[in-house]
Amino acid sequence: QVQLVESGGGMVQPGGSLRLSCAASGSIFSINVMGWYRQAPGKQRELVADITSGGSTDYADSVKGRFTISRDNAKNTVYLQMNSLKPEDTAVYYCRAEIFRIDSDYGDYWGQGTQVTVSS
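Residues numbered from 1 in each chain as written. Predicted model: local features only at pLDDT ≥ 70, side-chain atom pairs only at ≥ 80, totals over all residues. Heavy atoms only, no water.

S.K.: Would you take a moment to explain the nonpolar core for this structure?
M.R.: Of all hydrophobic cores here, the largest spans 31 residues; its most connected members are Trp-36, Leu-80, Met-82, Tyr-93 and Ile-99. In terms of residues, this core owes the most to one element, strand β9 (residues 91-101), which gives five residues. Beyond its immediate sequence surroundings of up to four residues, Tyr-93 is in contact with Glu-6, Leu-20, Trp-36, Tyr-37, Arg-38, Val-48, Phe-67, Leu-80, Met-82, Gly-113, Thr-114 and Val-116. (Core = buried A, V, L, I, M, F, W, Y, C linked by side-chain atoms within 4.5 Å. Buried < 20%, exposed > 50% of the residue type's maximum accessible area, 1.4 Å probe, protein only. Helix = DSSP H or I, 4+ residues; strand = E, 2+ residues; numbered from the N terminus. Contact = heavy atoms within 4.5 Å.)

Here it is as structure tokens:
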């Protein structure tokens, strides 16, 4: 069994900051890519940012310069620091991880989602 548990969502005013965390636990051998996706009402889920085990990162154009993704491999945890938040960043944010399990299985795992609301 593998679980991803997110935390850190909430409501913030435009221009504010939030930090999301996602911790993976269970029968984990190693984790390849970890990332954050978001889904706003009526829209498709989209990639926000991801990071490889070696630290290479990729960002959606809409968040470049405002969001920073990082990870702690020892803790199997990925973070998303979100600064200069805008109302259009409002969405449910999901954590995703490509995980090799101890039983040699491999797959994509998703968290349950955490709501981020940017509003005055």
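S.K.: Help me understand the environment of Ser-62, please; the structure alone is not making it clear to me.
M.R.: Mapped onto the elements, Ser-62 comes out in the loop between β6 (57-59) and β7 (67-72). Considered as a pair, Ser-62 and Asp-89 are 27 residues apart in the sequence and their alpha carbons are 9.1 Å apart. A distance of 3.3 Å separates the side chain of Ser-62 from the side chain of Arg-38, its partner in a polar contact. (Polar contact = N/O pair within 3.5 Å; in protein donor to acceptor, adjacent residues only side chain to side chain.)

S.K.: What's the story with the pattern of salt bridges in this structure? I'm lost.
M.R.: Think of it this way: side chains of opposite charge can pair up when their charged atoms draw near. One pass over the full model with this rule turns up seven salt bridges. Across the pair Arg-101 and Asp-103 runs a salt bridge, and its minimum N-O distance is 2.5 Å. When salt bridges with common partners are traced through the structure, they connect Arg-38, Glu-46, Arg-66 and Asp-89 into a single cluster. (Salt bridge = Lys/Arg side-chain N within 4 Å of Asp/Glu carboxyl O.)

S.K.: Help me understand the side chain of Arg-38 in this model?
M.R.: Summarising the element assignment, Arg-38 is placed in strand β4 (residues 28-39). In terms of polar contacts, Arg-38 uses its side chain to reach the side chain of Tyr-93, at 3.0 Å. With sequence-adjacent residues up to four places away left out, Arg-38 is seen in contact with Gln-44, Arg-45, Glu-46, Val-48, Ser-62, Val-63, Phe-67, Glu-88, Asp-89, Ala-91, Val-92 and Tyr-93.

S.K.: I tried to follow the environment of Ala-24 on my own but got confused; where do I start?
M.R.: Position of Ala-24 among the secondary structure elements: in strand β3 (residues 18-26). In sequence terms Ala-24 and Val-63 are 39 residues apart; their C-alpha atoms lie 24 Å from each other. Those residues in contact with Ala-24, other than ones at most four positions away along the chain, are Gln-3, Leu-4, Ile-31, Lys-75, Asn-76 and Ile-99.

S.K.: What is the right way to look at the sheet that holds strand β1 (residues 2-7) in this model?
M.R.: For sheets, the rule is that strands pair by backbone hydrogen bonds, running either parallel or antiparallel. Spatial ordering of the open sheet is given by β1-β3-β8-β7, a layout of four strands whose pairing is antiparallel. Where the open sheet ends on each side, the last strands, each with one partner, are β1 and β7. Recorded for the sheet is a direction-independent mean angle of 15° between the axes of neighbouring strands. In terms of strand pairing, β3 meets strand β8 (residues 77-82) through six bridges, oriented antiparallel. What sits directly across from Leu-18, in β8, is Met-82. (Pairing = 2+ DSSP bridges. Axes fitted to C-alpha atoms, helices over the stretch in contact; angles between N-to-C directions.)

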